[in-house]
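# Coordinates in review
Here is how the chains run, residue by residue.
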Amino acid sequence: DTHISIAQVCYLKAQAMQDIKFHEDSEELIKEALNIYRSIFTKEGEEDSTLDIADCIASQGLIHQELDEWEEAKELYTKALTVYTNALGKQNIEKNIRVAKVLNNLGSMNQALNEIDEAKSLYETAMLMLIKQKKEESMHMYVVIENLINLYKDEILKLRFEKRTSEMDIKMQVYNDSIEFFSEKLNSLMIKLSAEIEAKELKINQYQVGLDEIAKKRDEQKKQAELERKKKFKEYMATKQSESWKNSKCIIM
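These remarks concern the structure in this document. (Residues numbered from 1 in each chain as written. Predicted model: local features only at pLDDT ≥ 70, side-chain atom pairs only at ≥ 80, totals over all residues. Heavy atoms only, no water.)

### Quick look at the overall build of the protein
Scanning the protein from N- to C-terminus turns up eight helices and zero strands. Starting at the N terminus, the α and β elements of the protein follow one another as α-α-α-α-α-α-α-α. The contacts in the protein between residues at least 6 apart in sequence include a share of 58% that link residues at least 24 apart. (Helix = DSSP H or I, 4+ residues; strand = E, 2+ residues; numbered from the N terminus. Contact = heavy atoms within 4.5 Å.)

### Side note on a negative patch on the surface
Side chains of Glu24, Asp25, Glu28 and Glu32 sit close together on the surface and give a patch of like negative charge. In this structure Glu32 comes out as partly exposed when scored by relative accessible area, which is 40%. (Patch = residues over 30% accessible without salt bridge, like charges linked within 9 Å, V, L, I, M, F, W, Y side chains within 5 Å. Areas by Shrake-Rupley, 256 points an atom, 1.4 Å probe, with all protein chains shown as cover. Salt bridge = Lys/Arg side-chain N within 4 Å of Asp/Glu carboxyl O. Lys, Arg positive; Asp, Glu negative; His and termini not counted. Charge placed at Lys NZ, Arg CZ, Asp CG, Glu CD. Buried < 20%, exposed > 50% of the residue type's maximum accessible area, 1.4 Å probe, protein only.)

### Here we look at the environment of Ile149
Structurally, Ile149 can be placed in helix H7 (residues 139–162). By relative accessible area, Ile149 is classed as buried at 7%. Considered as a pair, Ile149 and Lys120 are 29 residues apart in the sequence and their alpha carbons are 10.0 Å apart.

### Digging into helix H6 (residues 116–132)
Its 17 residues give H6 an end-to-end C-alpha distance of 24 Å, which sits within 8% of 24 Å, the value for a rise of 1.5 Å per residue. Among the residues making up H6, those that are buried are Ala119, Lys120, Leu122, Tyr123, Ala126, Met127, Met129 and Leu130. In the segment just after H6, Lys134 is the residue with positive phi, at about 60°. (Expected span 1.5 Å × (residues − 1).)

### Focus on helix H2 (residues 23–41)
Here H2 is 19 residues long and its end C-alpha atoms lie 26 Å apart, about the 27 Å a rise of 1.5 Å per residue gives. By the burial criterion, the buried members of H2 are His23, Ser26, Glu27, Leu29, Ile30, Ala33, Leu34, Ile36 and Tyr37. Elements that come into contact with the buried residues of H2 comprise helix H1 (2–19) and helix H3 (51–66).

### Thoughts on the packing of H3 against helix H5 (residues 97–112)
In the contact formed by H3 and H5, the axes pass within 11 Å of each other and the chain directions differ by 30°. The orientation of H3 relative to H5 falls into the category roughly parallel. As H3 packs across H5, the resulting crossing turns out to be left-handed. Between H3 and H5, the contacting residues are Leu51, Asp55, Ala58, Leu62 and Gln65 on the first element and Arg98, Val102, Asn105, Ser108 and Met109 on the second. (Axes fitted to C-alpha atoms, helices over the stretch in contact; angles between N-to-C directions. Parallel < 35°, antiparallel > 145°, perpendicular 65-115°, else oblique. Left-handed = near helix turned anticlockwise from the far one by under 90°.)

### Quick word on the pattern of salt bridges
A side chain of one charge can pair with a side chain of the opposite charge if their charged atoms are brought near each other. Overall, the coordinates contain six salt bridges when judged by the stated rule. One salt bridge connects Glu66 with Lys21, and the closest N-O pair in it is separated by 3.6 Å. With Glu66 in helix H3 and Lys21 in the loop between H1 and H2, the pair connects residues that are 45 residues apart, well separated along the chain. Put simply, Asp48 and Arg38 hold a salt bridge, and the shortest N to O gap is 2.9 Å. Remark: Arg38 occurs in helix H2 and Asp48 occurs in the loop between H2 and H3; sequence separation between them is ten residues. Relative accessible area serves as the criterion here: at 14%, Asp48 is assigned to the buried category.

### Details of the nonpolar core
Core analysis: the largest hydrophobic core is formed by 43 residues, its most contacted members being Ile57, Tyr84, Val99 and Leu103. Where this core is concerned, the elements lending two or more residues are H1, H2, H3, helix H4 (70–88), H5, H6 and H7. Here this core gets eight residues from one element, more than from any other, and that element is H4. In this view, Leu103 contacts Leu81, Leu122, Thr125, Ala126 and Met129; residues no more than four positions away in its chain are not counted. (Core = buried A, V, L, I, M, F, W, Y, C linked by side-chain atoms within 4.5 Å.)

### Here's the deal with the side chain of Asp55
Along the polypeptide, Asp55 turns up in helix H3. Within the structure, Asp55 has its side chain in polar contact with the side chain of Arg98 (distance 2.6 Å). Sequence-distant contacts of Asp55, that is, excluding residues within four places in its chain, are made with Tyr11, Tyr84 and Arg98. (Polar contact = N/O pair within 3.5 Å; in protein donor to acceptor, adjacent residues only side chain to side chain.)

### Describing the side chain of Asn110
Locating Asn110 in the fold gives a position in helix H5. Not counting residues within four places of it along the chain, the set of residues in contact with Asn110 comprises Lys74, Glu115, Glu118, Ala119 and Leu122.

### Considerations on the packing of H3 against H4
Angle between the axes and distance between the axes are the two parameters that describe a pair of packed helices. Relative to each other, H3 and H4 sit at 165°, their axes nearing to 8 Å. By the criterion of interaxial angle, the relationship of H3 to H4 is roughly antiparallel. When the axes of H3 and H4 are compared, the crossing they make is left-handed. Mapping the contact onto sequence places Leu51, Ile53, Ala54, Asp55, Ile57, Ala58, Gln60, Gly61, Leu62, His64 and Gln65 in H3 and Trp70, Glu72, Ala73, Leu76, Tyr77, Lys79, Ala80, Val83, Tyr84, Ala87 and Leu88 in H4. Its residues assigned to classes, the contact of H3 with H4 comprises 15 nonpolar, four polar and three charged. (Nonpolar A, V, L, I, M, F, W, Y, C, P; charged D, E, K, R; others polar.)

What follows is the structure in structure tokens.
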């Protein structure tokens, strides 16, 4: 358990390093986490088969993607998908949103390497996974659809350049349908986000009202305590004054 906790900390630190573009530091931490996970979960001669290892390999892929090292990123994403499959099984792999993310990222690498058919297939698979997971209105779906639209757009420009009119018309129809679908999903996403923002703002307002009430009660308690203190002080002084004659000195006649 201690070793797993260390690996988890390394992974989280790596994510933080990656967010601020410290790629070298991030990859070192990822490798450290990977080594720990493999020492615990992967026996010698066996394939990796845990989600934690798959997540680490996918994170390595993202690091290389951000460094424009597309071949390396593609290889790592492909390896991550294999480990996800080993960990989840073919029946359950479609239920994991992280797999959809990796498919999208792998599609991006295929597109960058001009492997258009492979990229399209990966984007479409990722999109179908997100639909099955009921994530149609998620930001992940927005990204996948946007990638597909850009891919179709590139294909249309290529066909126009090559003057392949009939194919271009078909692609244009697919492109327009994708734009319509994208707009519909984007609108749904914006409505959902607006509702979430309103709900959060309502909670913040309720929280602020609660804080104001607490502050008001504390002020009242302070005032009450101050009044009590003054009252007791007056009573104390009155008692002292009434008893002061006992300590008074007489002049001997």
